[in-house]
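# Overview (structure and organization)
Now for the letters of each chain:
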Number of protein chains: 2
Amino acid sequence: MKKTIIISHPKLAESTVQSFLLEGLSQLTTGPEVIKVDQLLSAGEFDIKATQKNILDSSEIVFQFPLYWYSAPSSLALFQEQVFTDKFVHTLQEKNKVEPAKLSLVVSLADKQSDFGAGAKIGRTLSELLSPFQAFAEKLGFEYKKPFIIDQFNYQTPKKQQLILVDYLLYIAGSDGSFVDRSSWLLEQLKTMEQTQNIAVLADYLERQIEEYKVLNATLMEIKNDRE
Amino acid sequence: MKKTIIISHPKLAESTVQSFLLEGLSQLTTGPEVIKVDQLLSAGEFDIKATQKNILDSSEIVFQFPLYWYSAPSSLALFQEQVFTDKFVHTLQEKNKVEPAKLSLVVSLADKQSDFGAGAKIGRTLSELLSPFQAFAEKLGFEYKKPFIIDQFNYQTPKKQQLILVDYLLYIAGSDGSFVDRSSWLLEQLKTMEQTQNIAVLADYLERQIEEYKVLNATLMEIKNDRE
């Protein structure tokens, strides 16, 4: 089943991070469907019925947005109001009972992630601030996936930005974060992707992962030998 | 200084509870200013500069809305995006440093209030779900007032609905909930209001409050005598 990414961003074209993620997605051989909510709404081309069908046909829905006033931009709320009608909610709940889909969040922050939580600059955790989406997921029978947070993207080095992209693509691909899972996914991408500059970064990333794995494995063996 | 109520509701005219609250407000001699966001936006009559001035001139801002998907309707997010520009945020922060205004929420629920919280039907507390507004208030230097929650208004008896209205008007008036504070406010309203059916309810409410006070006072005296 396909995956659908719903992007809510009033100034999508001006966003460095969103353009970067979109470019990354376009390099995938079997990329997810992308719905740009603001563009569709302002062009009057938002098709509610088609979107509902899209959601029913997806194994994963991703809400992707910048944190605006500690929540999603208004276009995502409008999307929820228009798409999740009483009737559709019922249909979706029944579908999710049989074959539960996932609801994921990809959230970009202007603030640092460490600035959230009791005693920090913004006194609430991201879990709390995003809890309306968790409640939304639970109401509809979605499995709520741990959100993917990107903070202060514009302040990162180009290398760090590329690594964020890899982690993002792994998040969308549904990697469980294990070494084997990540490596096989990356190798698969290396084999199928066009030869771009990203290939070098991916290869580099994979190499470092393999190195890390080797060191860990060696340490584990030492500990084991000491105990015997 | 004046108070400003910002109502976000896509179907305001159809809402029993909102119509009821608005009617109650209209009976006050010195009622707060009311901004109906959806109407202004859809009529293209939303004046950002005038609204900003309004907010600066207010000692209290009230966001009044029904809980839609565990958050506010999209029109409130759009209101926040349009009004709270970087420049205005700075001006407001400076003003609130000198003379902090309050930010209050009046939230109506389709669910029961007891259905919120860990282990309940909706597994998050209302505090958590509304935390984006708390963070918003803190960022802008507002004092965040405990939200006024109205649950399942349509299922209440007419008498209970009138009592909710009284509590709502007291909340807007800024009553601290003490007996003396409530009673004096109510008496003041009784003296100045038109002779409507609400007068009877208010008088009844006041009478019961006074009775309660007397019983409490008598009990306290007994306890005191026992100890001496």
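Below: a short report on this structure. (Residues numbered from 1 in each chain as written. Chains lettered and ligands numbered in written order. Predicted model: local features only at pLDDT ≥ 70, side-chain atom pairs only at ≥ 80, totals over all residues. Heavy atoms only, no water.)

## What to know about the overall build of chain A
A tally of regular secondary structure across chain A gives ten helices and six strands. Seen along its three principal axes, the alpha-carbon backbone of chain A occupies a region of about 65 × 45 × 40 Å. Out of the 228 residues belonging to chain A, those deemed buried represent 49%. Considering only residue pairs separated by 6 or more positions, chain A has 74% of its internal contacts joining residues 24 or more positions apart. Summing over all exposed atoms, chain A offers an accessible surface of approximately 11,800 Å²; the carbon and sulfur share of this is 53%. Distance between charge centroids for chain A: 2 Å, based on 24 positive and 30 negative side chains. (Helix = DSSP H or I, 4+ residues; strand = E, 2+ residues; numbered from the N terminus. Buried < 20%, exposed > 50% of the residue type's maximum accessible area, 1.4 Å probe, protein only. Contact = heavy atoms within 4.5 Å. Areas by Shrake-Rupley, 256 points an atom, 1.4 Å probe, with all protein chains shown as cover. Lys, Arg positive; Asp, Glu negative; His and termini not counted. Charge placed at Lys NZ, Arg CZ, Asp CG, Glu CD.)

## Topic: the packing of helix 3 (residues 48–56) of chain B against helix 4 (residues 74–83) of chain B
All names here are of chain B. Packing of helix 3 against helix 4 leaves a shortest axis separation of 10 Å and a crossing angle of 90°. In this view, helix 3 runs roughly perpendicular relative to helix 4, as classed from their interaxial angle. Here I48, T51, Q52 and I55 of helix 3 come into contact with helix 4, specifically with F79, Q82 and V83. For the contact of helix 3 with helix 4, the per-class residue count stands at four nonpolar, three polar and no charged. (Axes fitted to C-alpha atoms, helices over the stretch in contact; angles between N-to-C directions. Parallel < 35°, antiparallel > 145°, perpendicular 65-115°, else oblique. Nonpolar A, V, L, I, M, F, W, Y, C, P; charged D, E, K, R; others polar.)

## Notes on the nonpolar core
Judged by nonpolar contacts, the single largest core of 72 residues is most densely connected at A:F63, A:F84, B:F63 and B:F84. Excluding its chain neighbours within four sequence positions, the residues that come into contact with A:F84 are A:I55, A:F79, A:V89, A:L92, A:F136, A:L140 and B:W69. (Core = buried A, V, L, I, M, F, W, Y, C linked by side-chain atoms within 4.5 Å.)

## With respect to the pairing of strand 3 (residues 58–66) of chain A
Residues and elements named next belong to chain A. Where burial is concerned, most of strand 3 is hidden: eight out of the nine residues are buried. When strand 1 (residues 2–7) meets strand 3, the two strands line up parallel, connected through six bridges. Paired with I7 across the bridge in strand 3 is Q64. Sheet topology note: the strand 3/strand 4 (residues 102–109) ladder contains seven bridges and is parallel. Paired with E60 across the bridge in strand 4 is K102. (Pairing = 2+ DSSP bridges.)

## Let's talk about the packing of aromatic side chains
One pass over the full model with this rule turns up 28 aromatic pairs over all chains. Ring geometry for B:F65 against B:F133: centres 5.4 Å apart, planes inclined by 35°, an arrangement best described as tilted. Of the two residues, B:F65 is situated in strand 3 (residues 58–66) and B:F133 in helix 7 (residues 131–140); the sequence distance between them amounts to 68 residues. In this structure B:F65 comes out as buried when scored by relative accessible area, which is 0%. Looking at B:F133, the relative accessible area reads 5%, which means it is buried. Grouped by ring-pair contacts, the aromatic residues A:F46, A:F63, A:F65, A:F79, A:F84, A:F88, A:F133, A:F136, B:W69 and B:Y70 constitute a single cluster. (Phe/Tyr/Trp six-rings, centres within 6.5 Å; stacked < 30°, edge-to-face > 60°.)

## A short note on the interface of chain B and chain A
Taken together, the contact between chain B and chain A spans 27 residues of the former and 27 residues of the latter. Taken together, the two surfaces of chain B and chain A that pack against each other cover about 2,200 Å², and 62% of this comes from carbon and sulfur. Counting the contacts that link chain B with chain A gives zero salt bridges. Along the contact surface separating chain B from chain A lie seven residue pairs in polar contact (both at pLDDT 80 or more). Put simply, the parts of the chain that give the side of chain B that touches chain A at least two residues each are helix 4, helix 6 (126–129) and helix 7 of chain B. Examining the composition of the side of chain B that touches chain A, we find that eight residues originate from one element, helix 7 of chain B, more than from any other. Within the side of chain B that touches chain A, the residues separate by chemical class into 15 nonpolar, seven polar and five charged. (Buried area = accessible area lost by both parts, 1.4 Å probe. Salt bridge = Lys/Arg side-chain N within 4 Å of Asp/Glu carboxyl O. Polar contact = N/O pair within 3.5 Å; in protein donor to acceptor, adjacent residues only side chain to side chain.)

## Considerations on helix 7 of chain B
Residues and elements named next belong to chain B. Of all ten residues in helix 7, eight are buried, a share of seventy percent or more. Turning to helix 7, its buried residues are S131, P132, F133, Q134, A135, F136, A137 and L140. Phi for G141, located one or two positions after helix 7, is positive at around 85°.

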